[in-house]
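# What the coordinates show
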Amino acid sequence: MMFFNIPDIFNFGENVRQGYESRYERKIGRDFRNSVLLAPLEQSLANLQNIKDRIQVRIDKEVASGTDMTVPIATFDTAGQILTSAVIAVGNATSTVTGSNPRPAYRESQLAYTALSQAREALNNVVDDISTAVEQASTTPRKTTYAKKRE
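What comes next is a walk through the structure. (Residues numbered from 1 in each chain as written. Predicted model: local features only at pLDDT ≥ 70, side-chain atom pairs only at ≥ 80, totals over all residues. Heavy atoms only, no water.)

## A look at the overall build of the chain
When helices and strands are tallied, the chain shows four helices and zero strands. What you see in the chain, going N to C, is helices and strands ordered as α-α-α-α. Considering the chain as a whole, with its 151 residues, one finds that 25% of them fall into the buried category. Look at the contacts in the chain between residues 6 or more apart in sequence, and 73% of them connect residues 24 or more apart. Summing over all exposed atoms, the chain offers an accessible surface of approximately 11,400 Å²; the carbon and sulfur share of this is 55%. (Helix = DSSP H or I, 4+ residues; strand = E, 2+ residues; numbered from the N terminus. Buried < 20%, exposed > 50% of the residue type's maximum accessible area, 1.4 Å probe, protein only. Contact = heavy atoms within 4.5 Å. Areas by Shrake-Rupley, 256 points an atom, 1.4 Å probe, with all protein chains shown as cover.)

Here it is, written out as structure tokens:
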């Protein structure tokens with residue numbers, strides 16, 4: 001900048017503004033606040049997927065023993081779809097930090113927590129349906145293939 005033919009010895013102008021922005025501009029990355037916000041989401045999702053796997057094993061055992069599991073299987077399929085949407089919500093929340101436009105994941109993490117609680121509730125409904133089906137199977141008399149003749 002030449003003002004009254006005085007040379008720009010102090011580098012006023014664009015250089016000063018660029019130095020200020022580069023020194024004080026901070027990109028949002030995986031810092032402590034984001035890890036505190038997002039780590040429980042990923043842990044809860046892993047726990048729910050583990051519960052889903054254990055429920056699947058329980059349903060398979062009950063089907064193998066001859067228990068009618070049509071209602072729990074239908075509820076389990078619905079819970080699987082809800083859990084899939086929770087996986088997508090958690091993925092969206094974690095991608096806000098690592099994506100091309102990093103920003104805090106407050107809104108997305110709130111949506112992910114809501115999706116996780118819906119998935120947890122759906123899995124609880126599956127467990128309730130399994131216990132109801134097992135109770136009904138134990139109260140109804142089983143038909144034996146070797147019927148004794150009563151005289």
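Read on, since the account is not over.
## Some details on the nonpolar core
Among the nonpolar cores identified, the biggest contains 25 residues, and L41, I55, I59, L116 and V126 are the most heavily contacted of them. Listed by contribution, the elements that provide at least two residues to this core are α2 (32-64), α3 (70-98) and α4 (106-139). For this core, the element with the most residues is α4, which contributes nine residues. (Core = buried A, V, L, I, M, F, W, Y, C linked by side-chain atoms within 4.5 Å.)

## Quick word on the environment of I73
Along the chain, the position of I73 falls in helix α3. The exposure class assigned to I73 is partly exposed, which follows from its relative accessible area of 35%. Taking the C-alpha atoms as reference points, I73 and V63, separated by ten residues in sequence, lie 9.9 Å from one another. Residues within four places of I73 in sequence aside, it is in contact with I59 and V63.

## Quick look at the pattern of salt bridges
Tallied over the full model, the rule gives one salt bridge. Of the charged contacts, one joins E62 and R58 as a salt bridge, the two residues approaching to 3.4 Å between their closest N and O atoms. Residue E62 and its partner R58 are located together in helix α2, separated by four residues, close to a single helical turn. (Salt bridge = Lys/Arg side-chain N within 4 Å of Asp/Glu carboxyl O.)

## A short note on α4
When the terminal C-alpha atoms of α4 are compared, their 50 Å separation across 34 residues agrees well with the 50 Å that a helix rising 1.5 Å per residue should span. Residues of α4 that are buried: E108, S109, A112, A115, L116, A119, A122, L123, V126, I130, A133 and A137. (Expected span 1.5 Å × (residues − 1).)

## Details of the environment of T114
Turning to its location among the elements, T114 is positioned in helix α4. In this structure, the C-alpha to C-alpha distance between T114 and A86, residues 28 residues apart in sequence, is 8.4 Å.

## As for the side chain of T75
Examined against the element boundaries, T75 turns out to sit in helix α3. Within the local environment of T75, its side chain forms a polar contact with the side chain of D129, the two groups lying 2.7 Å apart. In this structure T75 touches N125, V126 and D129, once residues within four positions along its chain are discounted. (Polar contact = N/O pair within 3.5 Å; in protein donor to acceptor, adjacent residues only side chain to side chain.)

## Some thoughts on the environment of T78
Note on placement: T78 falls in helix α3. A relative accessible area of 41% places T78 in the partly exposed class. Along the sequence, T78 and A122 sit 44 residues apart, while their C-alpha atoms lie 7.7 Å from each other.

It is worth stressing that arrangement in space is one thing and function is another; only the former is reported here.
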